[in-house]
Amino acid sequence: MQDVKLKKGKEKAVKQLHPWVFSGAIEIVNGKPGNGDIVSVTDSKGEFLAYGFYNAQSRVAVRLLEWNEQKAIDDDWWRERIHKAIQSRQDLIANEKTNTYRLIFSEADFLPGLIVDRFADYLSVQILTSGIELHKEVILNELQTLLNPIGIFDRSDSSARTHEGMEASNGGVLRGAEPPEYVTVKENDIFYDINISTGQKSGFYCDQRDNRRLVAGYSEGKKVLDCFSYSGGFSLNAMQNNASEVVSVDSSALALETLKRNIITNHFEDRVHRLIQSDVNKQLRAFRESGEKFDVIILDPPKYAPSRSALNKASRAYKDLNRQAMLILNEGGLLATFSCSGAVDLSTFKQIVAWAALDAGKEVQFIHQFSQPEDHPVRSSFPEGEYLKGLLCRIL
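Just so we're clear, the structure is a prediction, and the values are computed from it rather than from any experiment. (Residues numbered from 1 in each chain as written. Predicted model: local features only at pLDDT ≥ 70, side-chain atom pairs only at ≥ 80, totals over all residues. Heavy atoms only, no water.)

1. Things to note about the overall build of the protein
Stage number 1. Across its full length, the protein carries twelve helices and 20 strands.
Stage number 2. The globule rule puts the C-alpha radius of gyration for 396 residues at 21 Å, and the 23 Å found for the protein is close to it.
Stage number 3. Seen through its C-alpha atoms, the protein measures out along the principal axes to roughly 70 × 45 × 35 Å.
Stage number 4. A fraction of 64% describes how many contacts in the protein between residues 6 or more apart in sequence connect residues 24 or more apart.
Stage number 5. Carbon and sulfur atoms form 46% of the exposed surface of the protein, whose accessible area is close to 17400 Å².
Stage number 6. Within the protein, one finds 48 positive and 53 negative side-chain charges whose respective centroids are separated by 6 Å. (Helix = DSSP H or I, 4+ residues; strand = E, 2+ residues; numbered from the N terminus. Rg over C-alpha atoms; globule rule 2.2 N^0.38 Å. Contact = heavy atoms within 4.5 Å. Areas by Shrake-Rupley, 256 points an atom, 1.4 Å probe, with all protein chains shown as cover. Lys, Arg positive; Asp, Glu negative; His and termini not counted. Charge placed at Lys NZ, Arg CZ, Asp CG, Glu CD.)

Shown next as structure tokens:
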């Protein structure tokens, strides 16, 4: 096997089970491994540290898989890892109220660059690293054997693949049948018609499952504003929990059409609701100018900080967004605000919200902290896997 020797003093993170080896930590590469090939990683003295797959074109030159030298990275190894990931989610799989969730979450499940989401009888797969691409046949075969889906669909993110020096994915069916235009899934006993083929990301954001339910618990009898509503996760939960009115804002016409379908699917047509296609920041200003106010506001924006280099710009965007929301909340109203940017940690996010409150002339009480659910676990050795955070704030 070809091996990668680290510079002196660069083995600490590997010994602490962190799954990334950056190119700058490498002293020498013995042999000529291709992108995705399995290599042995050693310290500066040549002592074994771990196995991983190599990529000369990525800043993360080796993504580590196994720290036991006696375990070969063969087809059985991949099958075992997939089996363990799925087994760890048996409580979710057995939950009759929900049939959409994440089955494999990349590094968190010791499978760097592989994301698998379940949508009822279909699987959506993202193959984001060269090592996973090289071994995708055994992976897909094992998923088919263990779960027997009607179809497995490719939703690999093109930008992530580009960073790995890989060609953009063409999408499409990898196994079985192509999904229909809309697949009906169930989350917390609420039904969603989702488009796996052309929907955002994998087709549906299942990482907000627990938070949608928690926020809905504060919605009964309240006027609720759901910003960046997409297919209506927070909106539908608020309707189910008897909000007095729900207003959903999204810039995407397709997202709002999907939300309309979901309202009908759940027989919520009799609920008081408005759907507004608009830029959220523009609409928040319009609400303020018209004097319209709300009891509960949800802010679930897209990723403003894809990397640490974008942190300052993202912080300003988050601050302005939250400030505008605070200005149209009734006294004692609740703001559920989220960030899915891994570069923004919870303490930074709290500070941003505090700055927004100062600019708005408000005081804030933090009454709950939100995070990602159990099917998006965070390895203690890989804190970078924690990306979703949120705050429930009472605005005074």
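The structure having been displayed, the exposition proceeds.
2. Let's talk about the layout of surface pockets
Stage number 1. Here the second largest pocket is characterised by a volume of approximately 160 Å³.
Stage number 2. Lining the second largest pocket are 13 residues, with Val344, Asp345, Leu346, Glu386 and Lys389 positioned closest to its centre.
Stage number 3. The greatest single-element share of the lining of the second largest pocket, amounting to three residues, is contributed by strand E19 (residues 364–371).
Stage number 4. Partitioning the lining of the second largest pocket into residue classes produces six nonpolar, three polar and four charged. (1 Å grid on protein atoms, 1.4 Å probe; cavity = no way out; pocket = protein on both sides within 12 Å on 5 of 7 lines; lining within 4 Å. Points joined across faces, edges and corners; volume = space filled by probe spheres on them. Nonpolar A, V, L, I, M, F, W, Y, C, P; charged D, E, K, R; others polar.)

3. Concerning the packing of aromatic side chains
Stage number 1. For the structure shown, the criterion picks out eleven aromatic pairs.
Stage number 2. Their ring planes at 70° and their centres at 5.0 Å tell us that Trp20 and Phe382 sit as a pair that is edge-to-face. One end of the pair, Trp20, is in strand E2 (residues 20–22); the other, Phe382, is in the loop between E19 and strand E20 (389–395), and 362 residues separate them in sequence.
Stage number 3. Look at Trp20 and you get partly exposed, because its relative accessible area is 22%.
Stage number 4. The class for Phe382 is buried, based on a relative accessible area of 5%.
Stage number 5. Between Phe234 and Phe338, the aromatic rings sit 5.5 Å apart at their centres with planes inclined by 35°, giving tilted as the arrangement. Taken together, the residues span a long stretch of sequence, with Phe234 in helix H8 (residues 233–240) and Phe338 in strand E18 (residues 329–339) at a distance of 104 residues. (Phe/Tyr/Trp six-rings, centres within 6.5 Å; stacked < 30°, edge-to-face > 60°. Buried < 20%, exposed > 50% of the residue type's maximum accessible area, 1.4 Å probe, protein only.)

4. So, the environment of Asn211
Stage number 1. Take Asn211: it is sitting in helix H7 (residues 209–216).
Stage number 2. Counting along the chain gives 162 residues from Asn211 to Pro373, while the straight-line C-alpha distance between them is 8.4 Å.
Stage number 3. If we skip the residues at most four places from it in the chain, Asn211 touches Phe234, Phe338, Phe370, Ser371 and Leu388.
Stage number 4. Side chain to side chain, Asn211 and Gln208 meet in a polar contact 2.7 Å long. (Polar contact = N/O pair within 3.5 Å; in protein donor to acceptor, adjacent residues only side chain to side chain.)

5. As for the nonpolar core
Stage number 1. Grouped together as the largest cluster of nonpolar side chains are 36 residues, with contacts concentrated most on Leu236 and Ile298.
Stage number 2. Every element with two or more residues in this core is listed here: strand E12 (183–187), strand E13 (190–194), H8, helix H9 (253–265), strand E17 (294–299) and E18.
Stage number 3. Here the element with the most residues in this core is H8; it accounts for four residues.
Stage number 4. The residues contacting Ile298, other than those within four sequence positions of it, are Val215, Val224, Leu225, Asp226, Cys227, Phe234, Ala336 and Phe338. (Core = buried A, V, L, I, M, F, W, Y, C linked by side-chain atoms within 4.5 Å.)

6. A look at helix H12 (residues 346–360)
Stage number 1. Compared with the 21 Å implied by 1.5 Å per residue over 15 residues, the 21 Å span of H12 between its first and last C-alpha is a close match.
Stage number 2. Among all positions in H12, only Phe349, Ile352, Val353, Ala356, Ala357 and Ala360 are buried. The buried residues of H12 occupy an angular sector of 140° when the element is viewed end-on, so they sit on one face. The exposed residues of H12 that point more than 90 degrees off its buried face are Ser347 and Leu358.
Stage number 3. If you follow the buried residues of H12, they end up packed against helix H11 (311–326), E18, E19 and E20.
Stage number 4. At the C-terminal side of H12, Gly361 shows a positive phi close to 70°. (Expected span 1.5 Å × (residues − 1). Arc of directions from axis to C-beta.)

Shape descriptors only; they carry no functional weight alone.
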